[in-house]
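A structural walkthrough
Each chain, letter by letter, is given below.
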Amino acid sequence: GVHPLHDKWVLYYNGPSKDKSANWEDLVKRVMTFDTVEDFWGLFNNIPRVEDLANQSDYNLFRDPIFPAWEHPDNREGGKWLLAVSGGDIQGLSRMWLDSCLFAIGEQFEDTKEICGVVVSVRPRGHKLCLWTRSALDEEKTVALGKAWKEALGLGPESKIKYQIHSSSVQSQRSFPKGEAYSL
Ligand code: M7G
């Protein structure tokens, strides 16, 4: 049988660009939309694994119709939980990317619409895994989500995650500005 998901999800990819004048948004390519568990696995098993991506690549999995940009209406009041993963641990990054995808599409979390998407960024100088959430100023919801995500990733108290508000990224035009709103 087919196992429907609660929502439609869209996978986007953006890779390294030689064209420095290119608009960031234009580099973000829609790969596929799906709304069943089976189509998720079909997609996942047929695209390059995180281990095989070129440096500077990102996969973004977002709830339709949210575009993975700070400026999108569903992200404008949101932010992201960030887990830094050491450059040498590409296997760990790959496993936690899958766990994060399943965490998002599985809708295990009771306040499920709070999750906008998940992003993996392959950066050999320091990989990043992010959970984008909708309501940055709602500390209770945001912290509860961060805890649930850490648990889904099997992270212990020694692993720290920090939360950054998208409006600071808009202001600084940087994905990872200094400072954080919350940490866990
Ligand atoms: P990144 O690849 O997320 O960070 O963003 P990193 O290179 O530090 O690993 C690189 C650049 O892409 C940013 O400095 C922005 O110029 C642009 N960029 C990334 N994101 C996620 C956005 C976004 O949501 N909106 C806009 N306008 N630019 C972005």
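Our structure is the block above this text.
Residues numbered from 1 in each chain as written. Predicted model: local features only at pLDDT ≥ 70, side-chain atom pairs only at ≥ 80, totals over all residues. Heavy atoms only, no water.

**Here's the deal with empty space enclosed by the protein**
Tallying each qualifying case throughout the model produces one cavity of 30 Å³ or more. In this structure, the largest cavity spans a volume of roughly 50 Å³. Taken together, L11, F34, F40, L43, F44, I47, Y59, L61, W97 and C101 make up the full set of residues lining the largest cavity. Counting residues per element, the ones that place at least two in the lining of the largest cavity are α2 (37-44), β3 (58-63) and α3 (90-105). Here the element with the most residues in the lining of the largest cavity is α2; it accounts for three residues. Residues of the lining of the largest cavity, tallied by class, amount to ten nonpolar, no polar and no charged. (1 Å grid on protein atoms, 1.4 Å probe; cavity = no way out; pocket = protein on both sides within 12 Å on 5 of 7 lines; lining within 4 Å. Points joined across faces, edges and corners; volume = space filled by probe spheres on them. Helix = DSSP H or I, 4+ residues; strand = E, 2+ residues; numbered from the N terminus. Nonpolar A, V, L, I, M, F, W, Y, C, P; charged D, E, K, R; others polar.)

**Some words on the packing of α2 against α3**
Packed helices, taken two at a time, are described by the angle their axes make and the gap between the axes. Two elements in contact, α2 and α3, have axes whose closest approach is 12 Å; the angle formed by their N-to-C orientations is 160 degrees. Considered as vectors, α2 and α3 are oriented roughly antiparallel to each other. In this structure, α2 crosses over α3, and the sense of that crossing is right-handed. Of α3, the residues touching α2 (which contributes F40, W41 and F44) are W97, L98, C101, L102 and I105. Within the contact of α2 with α3, the residues separate by chemical class into eight nonpolar, no polar and no charged. (Axes fitted to C-alpha atoms, helices over the stretch in contact; angles between N-to-C directions. Parallel < 35°, antiparallel > 145°, perpendicular 65-115°, else oblique. Left-handed = near helix turned anticlockwise from the far one by under 90°. Contact = heavy atoms within 4.5 Å.)

**Let's talk about the pattern of salt bridges**
In total, this model carries ten salt bridges according to the counting rule given. Among the ionic pairs, D64 bridges to R30, the shortest N-O distance being 3.9 Å. Separated by 34 residues along the polypeptide, D64 in the loop between β3 and β4 (79-85) and R30 in strand β2 (residues 29-36) bring together distant segments of the chain. Two residues, R95 and D99, come together in a salt bridge whose shortest N-O distance is 2.9 Å. On the criterion of helical spacing, the pair formed by R95 and D99 is a turn pair, its members being four residues apart in helix α3. On the basis of relative accessibility, which here comes to 41%, the residue R95 falls in the partly exposed class. (Salt bridge = Lys/Arg side-chain N within 4 Å of Asp/Glu carboxyl O. Buried < 20%, exposed > 50% of the residue type's maximum accessible area, 1.4 Å probe, protein only.)

**A look at the packing of α3 against helix α4 (residues 139-152)**
At their nearest, the axes of α3 and α4 sit 9 Å apart, and the two run at 130 degrees to each other. Classified by the interaxial angle, the pair formed by α3 and α4 is oblique. The crossing of α3 and α4 is right-handed. Facing α3, whose interface residues are D99, S100 and F103, α4 presents L145, A148, W149 and A152. When the residues that make up the contact of α3 with α4 are grouped by side-chain class, the tally is five nonpolar, one polar and one charged.

**Describing α4**
With 14 residues, α4 should cover 20 Å at 1.5 Å per step; its first-to-last C-alpha distance of 20 Å lies within 8% of that length. Residues T142, V143, L145, G146, W149 and K150 constitute the buried set of α4. Along the axis of α4, the buried residues cluster in a sector spanning 160 degrees; they form a single face. The outward face of α4, more than 90 degrees from its buried face, is lined by the exposed residues E140 and E151. Where α4 ends, the next residue or the one after it, G154, has phi of about 70 degrees, a positive value. (Expected span 1.5 Å × (residues − 1). Arc of directions from axis to C-beta.)

**Quick look at the site of the ligand**
Around the ligand sit W24, P68, A69, W70, E71, R123, K128, Q173, R174, S175 and F176, and those are all the residues in its vicinity. In this structure, W70 approaches the ligand through a main-chain N or O atom, which is 2.8 Å from an oxygen atom. Protein contact buries 69% of the 580 Å² of open area that the ligand shows by itself. Most atoms of the ligand, that is more than half of them, are within 2 Å of grid points of the largest pocket. Its residues placed into classes, the shell around the ligand shows five nonpolar, two polar and four charged. (Near = heavy atom within 4 Å. Polar contact = N/O pair within 3.5 Å; in protein donor to acceptor, adjacent residues only side chain to side chain. Areas by Shrake-Rupley, 256 points an atom, 1.4 Å probe, with all protein chains shown as cover. Sits in = over half its atoms within 2 Å of the grid points.)

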